[in-house]
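# Descriptive structure summary
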Amino acid sequence: MLRLTLIVALLGNFAFAQQPAVDPHAIPPDEQYVLGPDSQPQANVPHGTVTEFALADSKTYPGFARKWWLYVPAQYDGHTPVALMVFQDGGGYVKADGAWRVPVVLDNLIAQKKLPVMAAIFVNPGEAPAPAGTLDKDKKPAVRKNRSVEYDTLSAAYATFLLEEILPEARKQVAITDDPEGRGICGASSGGICAFTVAWERPDQFRKVYTTIGSFTNIRGGNAYPGLVRATEKKPIRIFQQDGARDIVNQFGAWPEGNKAMAAALDERGYDHQFVMGEGTHNPRHGASILPYALRWLWRDYVR
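Residues numbered from 1 in each chain as written. Predicted model: local features only at pLDDT ≥ 70, side-chain atom pairs only at ≥ 80, totals over all residues. Heavy atoms only, no water.

### Quick notes on the nonpolar core
Formally: Residues grouped as a nonpolar core are buried Ala, Val, Leu, Ile, Met, Phe, Trp, Tyr and Cys residues, joined through side-chain atoms within 4.5 Å. Whether a residue is buried, partly exposed or exposed follows from its accessible area with a 1.4 Å probe, protein chains only, as a fraction of its type maximum: under 20%, in between, or over 50%, in that order. The helix count covers DSSP runs of H or I at least four residues long, the strand count covers runs of E at least two residues long, and both are numbered beginning at the N terminus. In this description, contact between two residues means that some pair of their heavy atoms is separated by no more than 4.5 Å.
Membership of the largest hydrophobic core comes to 44 residues, with the highest contact counts inside it found for Ile 121, Tyr 158, Leu 162 and Phe 196. Looking at this core, the elements with two or more residues in it are strand 2 (66–72), strand 3 (83–88), strand 4 (118–123), helix 4 (157–170), helix 5 (190–201), helix 6 (225–231) and helix 7 (255–268). The element that contributes the greatest number of residues to this core is helix 4, accounting for eight residues. The residues contacting Phe 196, other than those within four sequence positions of it, are Val 209, Phe 216, Tyr 225, Val 229, Ile 237, Ile 239, Met 262 and Leu 266. Tyr 71, Phe 87, Ile 110 and Leu 295 belong to the second-largest nonpolar core, a separate cluster that totals 32 residues.

### A few points about the layout of surface pockets
The criterion, for reference: Here a cavity is any set of points on a 1 Å grid over the protein atoms alone where a 1.4 Å probe fits but cannot get out, and a pocket is any open set with protein on both sides within 12 Å along at least 5 of 7 lines; a residue lines the site when it has an atom within 4 Å of a point. Grid points are joined across faces, edges and corners, and a volume is the space filled by probe spheres set on the points. Only Asp, Glu, Lys and Arg are considered charged, only Ala, Val, Leu, Ile, Met, Phe, Trp, Tyr, Cys and Pro nonpolar, and every remaining residue, Gly among them, polar.
The computed volume of the largest pocket comes to approximately 740 Å³. Lining the largest pocket are 30 residues, with Asp 89, Pro 125, Lys 145, Arg 147 and Ser 148 positioned closest to its centre. It is helix 3 (residues 147–152) that contributes the most residues to the lining of the largest pocket, three residues altogether. Classifying every residue of the lining of the largest pocket by side-chain character gives twelve nonpolar, eleven polar and seven charged.

### Here we look at the packing of aromatic side chains
Stated precisely, the cut-off is as follows: Pairing of aromatic side chains requires ring centres within 6.5 Å, counting the rings of Phe and Tyr and the six-membered ring of Trp. Pairs whose planes differ by under 30 degrees are stacked, by over 60 edge-to-face, and all others tilted. Either the NZ atom of lysine or the CZ atom of arginine qualifies as a charge over a ring when it sits within 6 Å of the ring centre and within 35 degrees of the ring normal.
Throughout the structure, instances matching the rule amount to 16 aromatic pairs. Ring geometry for Phe 240 and Trp 297: centres 5.7 Å apart, planes at 70°, overall edge-to-face. In this pair, Phe 240 is assigned in strand 9 (residues 238–244) and Trp 297 in helix 9 (residues 291–298), connecting sequence segments 57 residues apart. For the pair formed by Phe 240 and Trp 297, the shared burial category is buried. Taken together, the ring pairs connect Tyr 61, Tyr 151, Tyr 158 and Phe 161 into an aromatic cluster. Across the ring face of Trp 299, the terminal group of Lys 208 is positioned such that the distance to the ring centre comes to 4.8 Å.

### Things to note about empty space enclosed by the protein
The full count for this structure, using the stated rule, is one cavity of 30 Å³ or more. Estimated volume of the largest cavity: approximately 50 Å³. Lining of the largest cavity is provided by Tyr 61, Glu 150, Tyr 151, Thr 153, Ser 155, Tyr 158, Ala 159, Cys 194, Thr 197 and Val 198. Those elements that provide at least two residues to the lining of the largest cavity are helix 3, helix 4 and helix 5. Looking at the lining of the largest cavity, the element that brings in the most residues is helix 5, giving three residues. Here the lining of the largest cavity is composed, by residue class, of six nonpolar, three polar and one charged.

### Considerations on the state of the cysteines
Put simply, the rule reads: Cysteine sulfur atoms that come within 2.5 Å of each other are treated as a disulfide pair.
Evaluation of the coordinates by the stated rule reveals zero disulfides. Among the cysteines around Cys 186, which has no disulfide bond, Cys 194 carries the closest sulfur, lying 11 Å off. The exposure class of Cys 186 is buried, given its relative accessible area of 0%.

### Here's the deal with the environment of Gln 274
Convention followed: By the criterion applied in these results, polar contacts are pairs of N or O atoms within 3.5 Å in which, for protein atoms, one can donate a hydrogen and the other can accept it, and in which residues neighboring in sequence qualify only through two side-chain atoms.
Its place among the elements puts Gln 274 in strand 12 (residues 272–278). C-alpha separation for the pair Gln 274 and Ala 294, spaced 20 residues apart in sequence, amounts to 9.0 Å. Among the polar contacts made by the side chain of Gln 274, one reaches the side chain of Tyr 293 at a distance of 3.2 Å.

### Observations regarding helix 7
One turn of an α-helix holds 3.6 residues; hence residues three or four places apart share an orientation. Note the cut-off: Expected span, for any helix, means 1.5 Å times one less than how many residues it has.
Given a rise of 1.5 Å per residue, 14 residues ought to cover 20 Å, and the 20 Å separating the end C-alpha atoms of helix 7 matches this to within 8%. Turning to helix 7, its buried residues number three or more, namely Trp 255, Pro 256, Gly 258, Asn 259, Met 262, Ala 263, Ala 265 and Leu 266. Residues of helix 7 that are buried in the fold lie against helix 5, helix 6, strand 9, strand 10 (249–250), strand 11 (253–254) and strand 12. Of the residues trailing helix 7, Gly 270 is marked for its positive phi of about 80°.

### Here's the deal with the pattern of salt bridges
The criterion, for reference: The rule for a salt bridge is simple: a side-chain nitrogen of Lys or Arg has to be within 4 Å of a carboxyl oxygen of Asp or Glu.
The full count for this structure, using the stated rule, is 16 salt bridges. Salt-bridge contacts for Asp 178 lead to Arg 171; the nearest nitrogen and oxygen are separated by 2.5 Å. The exposure class of Arg 171 is partly exposed, given its relative accessible area of 35%. Two residues, Arg 207 and Glu 181, come together in a salt bridge whose shortest N-O distance is 3.1 Å. In this pair, Arg 207 sits in the loop between helix 5 and strand 8 (208–212) while Glu 181 sits in the loop between helix 4 and strand 7 (183–188), placing the two residues 26 residues apart along the sequence. Taken together, the shared-partner salt bridges connect Arg 238, Asp 272, Arg 300 and Asp 301 into one network.

### Describing the confidence of the model for the chain
Test applied: Every residue carries a pLDDT, the predictor's confidence in it, which falls somewhere between 0 and 100.
Of all residues in the chain, 91% attain a pLDDT of 70 or more, and the chain-wide mean is 91. Here residues 1–19 is a poorly scored stretch, pLDDT under 50, and it has 70 contacts once near neighbours within four places are set aside; other chains count.

Structural data, given as structure tokens:
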């Protein structure tokens, strides 16, 4: 089993983060992070297409609407089933000039034959109008967000949502493999624990996980996972895990300690697992900078 330790740093915060004090005169450590050539558009590389869709309602999460996107690689021949990656908080991953630039990474790695011909689904969490007259902090009509319910809950509900509501729509546009070894899932923070939960609950459908700054803490019981991993027969899933030593510590727990505990449990149970622990905060920069490496590692032996 491969192992990797990278000493890295980054700076930033999400909602609810309680970050350690930072020397205002120090150079922000996240400036060390830049996206490498695999995350930059390359000349003579075929570009896949990205199409935006809307799901107006949900059977699994009634009343909540969302946007989602589908990437179809240029190499798709119109009928041969392709591999698949699914990304939570999809709007942040799908932007070609954003923090993650997943379509660019896929274009490059597929062209290099470092990844199989692969489609990608990017799904936003559900939102619904708040009660009439409710305003947000900007005095605009407020919305109810279903992200924590969908992502932090330890159950098969979100996997069911993907399998019964999103994949059938995607399959109207592209043929997707039924082989669980040909399906992976990715997310950050609550999306990171969600990615693990999907594969944990449905290894018959998803077997590759990339989780970054994962919320393996007590938001909705996620701190139970290390014990569950140890107590449960090993499942046929492969996990690439990232976190930073200066990640969140708040009323729900300590993200670095939760990720370390999770990594220890996965190793003890003999999972095909790699953990990259940096020195950063609750920020996508570390995970995005190693995305091409993580994808190559997860898919390294997939039979194309």
